[in-house]
Amino acid sequence: MSADAPIGVFDSGIGGLTVVRAIHALLPRESTLYLGDTARVPYGSKSPETVRRYAREILAWLEERHVKAIVVACNTATAHALEELTAAARVPVIGVIEPGARAALAATRGGVIGVIGTAGTIRSGAYGRALRRIRPDVRVVEQPCPLFVPLVEEGWFDHPATRLVAEEYLAPLRAAGVDTIVLGCTHYPMLSALIGEVLGPTVARIDSAQETARELASVLAERGLEAPAGQAVHHRWAATDDVARFASVGERFVGETLPAIELAVLGSDQAG
Ligand code: DGL
């Protein structure tokens with residue numbers, strides 16, 4: 001494992017690009033290799049076993065490319081597979097849930113925290129466990145928001161339909177009096193402003209992408225894996241299907257043009 005290697009980042013599709021954007025902003029000297037499993041997105045509605053199998057295949061793909069650390073830039077994959085990946089990987093593996101939980105606990109004033117995510121993430125209870133492990137008396141109100149992902153992929157960040165859906169999903173959180181909300185899905189930072197309008201300005205919004213980038217920075221520093229000064233920065237992008245759509249939707253997430261996207265073939269597909 002060498003400090004001049006790239007950081008591997010993966011997600012079920014394009015959503016993890018919000019995490020890459022945060023990594024690029026915080027760690028401008030680091031190169032990244034991003035893999036979006038667009039052939040098999042969404043993970044949010046799939047069983048834990050299936051998501052774990054996908055994650056193992058992606059781990060093998062990234063390790064073959066000699067990344068120095070791996071960021072699981074997907075809440076659902078973190079919820080189901082982080083433990084297994086951490087045990088199996090030769091490099092440090094960072095998920096998005098612990099960093100988000102820690103930031104939420106630092107932000108809450110009254111100890112009532114809302115968590116929104118995919119059906120799989122919420123069903124796993126991973127955020128609630130992470131929050132209570134650090135602060136047992138915290139009250140956690142969890143709400144799956146499955147319609148948010150397709151709305152974001154349509155680019156409907158501030159559309160009346162999205163607002164209507166948000167009002168419906170967020171009503172129980174408002175009724176419970178949450179003072180902090182964790183945007184526990186890669187796509188939700190794109191809806192942060194709208195969620196803020198629905199919940200009001202006093203509710204702190206936690207974007208796990210930024211917190212994860214901070215966690216990555218401290219892991220790289222601790223292990224002496226920071227990119228050497230003066231090294232050329234090179235970002236690579238790969239997807240398992242439809243690289244053209246990845247490029248066009250992805251650009252909205254990263255805020256820059258995505259050059260040359262590689263078509264990746266993963267484990268079980270390779271055999272076929
Ligand atoms: N990346 C997923 C997550 O953060 C959202 C999209 C999906 O369901 O695969 O949970």
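Residues numbered from 1 in each chain as written. Predicted model: local features only at pLDDT ≥ 70, side-chain atom pairs only at ≥ 80, totals over all residues. Heavy atoms only, no water.

1. Comments concerning the packing of helix α8 (residues 160–176) against helix α9 (residues 192–199)
Phase 1 of the analysis: Following both chains from N to C, one finds α8 and α9 inclined at 55°, their axes separated by 9 Å at the closest point. Taken together, α8 and α9 sit at an angle that is classed as oblique. Regarding α8 and α9, the two cross each other, and that crossing is right-handed. On the side of α8, the interface is formed by Thr-162, Arg-163, Ala-166, Glu-167, Leu-170 and Arg-174, while α9 contributes Leu-194, Ile-195, Glu-197, Val-198 and Leu-199.
Phase 2 of the analysis: When grouped by side-chain class, the residues that make up the contact of α8 with α9 number six nonpolar, one polar and four charged. (Axes fitted to C-alpha atoms, helices over the stretch in contact; angles between N-to-C directions. Helix = DSSP H or I, 4+ residues; strand = E, 2+ residues; numbered from the N terminus. Parallel < 35°, antiparallel > 145°, perpendicular 65-115°, else oblique. Left-handed = near helix turned anticlockwise from the far one by under 90°. Contact = heavy atoms within 4.5 Å. Nonpolar A, V, L, I, M, F, W, Y, C, P; charged D, E, K, R; others polar.)

2. Details of the side chain of Thr-18
Phase 1 of the analysis: Mapped onto the fold, Thr-18 is located in helix α1 (residues 17–26).
Phase 2 of the analysis: For Thr-18, the contacting residues outside a window of four places in its chain are Thr-186, Pro-189, Met-190, Ala-209 and Phe-253.

3. Notes on the environment of Pro-150
Phase 1 of the analysis: Mapped onto the elements, Pro-150 comes out in helix α7 (residues 148–153).
Phase 2 of the analysis: For Pro-150, a relative accessible area of 43% gives the class partly exposed.
Phase 3 of the analysis: Pro-150 sits 61 residues away from Ala-89 along the chain, and the two C-alpha atoms are 32 Å apart. (Buried < 20%, exposed > 50% of the residue type's maximum accessible area, 1.4 Å probe, protein only.)

4. Some points on the nonpolar core
Phase 1 of the analysis: Leu-17, Ile-116 and Phe-148 are the most contacted members of the largest nonpolar core, which has 73 residues in total.
Phase 2 of the analysis: In terms of residue count, helix α10 (residues 208–222) provides more of this core than any other element does, six residues in total.
Phase 3 of the analysis: Look past the residues within four positions of Leu-17 in its chain and what remains in contact with it is Tyr-34, Trp-237, Phe-246, Gly-250, Phe-253, Val-254 and Leu-258. (Core = buried A, V, L, I, M, F, W, Y, C linked by side-chain atoms within 4.5 Å.)

5. A closer look at helix α2 (residues 48–64)
Phase 1 of the analysis: With 17 residues, α2 should reach 24 Å at 1.5 Å per residue; the first-to-last C-alpha distance of 24 Å fits that figure.
Phase 2 of the analysis: Listing the buried residues of α2 in full gives Thr-50, Val-51, Tyr-54, Ala-55, Glu-57, Ile-58, Leu-59, Trp-61, Leu-62 and Glu-63.
Phase 3 of the analysis: Of the residues trailing α2, His-66 is marked for its positive phi of about 55°. (Expected span 1.5 Å × (residues − 1).)

6. A few points about the sheet that holds strand β3 (residues 69–72)
Phase 1 of the analysis: Strand order in this open sheet of six strands is β4-β3-β1-β2-β9-β10, and the pairing throughout is parallel. The open sheet has two edge strands with one neighbour each: β4 (93–94) and β10 (261–263).
Phase 2 of the analysis: When strand β2 (residues 32–36) meets strand β9 (residues 236–239), the two strands line up parallel, connected through four bridges. Across the sheet, the residue bridging to Leu-35 is Ala-238, located in β9.
Phase 3 of the analysis: Relative to the sheet, α1 contacts β1 (7–11), β2, β3 and β9, its axis offset from that of β2 by approximately 170°. (Pairing = 2+ DSSP bridges.)

7. Some thoughts on the pairing of strand β7 (residues 180–183)
Phase 1 of the analysis: What you see with β7 is no split at all: Thr-180 and Val-182 on one side and Ile-181 and Leu-183 on the other are buried throughout.
Phase 2 of the analysis: Assessed by its sense of winding, the connection that carries the chain from β7 through α9 to strand β8 (residues 204–207) is right-handed. (Right-handed = clockwise from strand over helix to strand, strands pointing away.)

8. Topic: the site of the ligand
Phase 1 of the analysis: Around the ligand, a shell composed of 13 residues is seen, among which Asp-11, Ser-12, Tyr-43, Gly-44 and Thr-76 lie nearest.
Phase 2 of the analysis: Residue Asp-11 places a side-chain N or O atom 2.7 Å away from a nitrogen atom belonging to the ligand.
Phase 3 of the analysis: One of the side-chain N or O atoms of Thr-76 is found 2.6 Å from an oxygen atom in the ligand.
Phase 4 of the analysis: Across the complex, the protein chains shield 99% of the 290 Å² of accessible surface that the ligand would expose by itself. (Near = heavy atom within 4 Å. Polar contact = N/O pair within 3.5 Å; in protein donor to acceptor, adjacent residues only side chain to side chain. Areas by Shrake-Rupley, 256 points an atom, 1.4 Å probe, with all protein chains shown as cover.)

9. Concerning the sheet that holds strand β5 (residues 112–117)
Phase 1 of the analysis: Spatially, four strands are ordered β6-β5-β7-β8 in an open sheet, and the strand pairing comes out parallel. Edge strands, defined here as strands with exactly one partner in the open sheet, are β6 (139–144) and β8. The mean angle between the axes of side-by-side strands here comes to 20°, regardless of whether they run parallel or antiparallel.
Phase 2 of the analysis: By the bridge criterion, four bridges tie β7 to β8 in an arrangement that is parallel. Looking across to β8, one finds that Ile-181 is bridged to Arg-205.
Phase 3 of the analysis: Packing against the sheet, helix α4 (residues 97–107) makes contact with β5, β7 and β8, and its axis sits at approximately 160° to β8.
Phase 4 of the analysis: Here α10 sits on the sheet in contact with β7 and β8, set at roughly 50° to β8.

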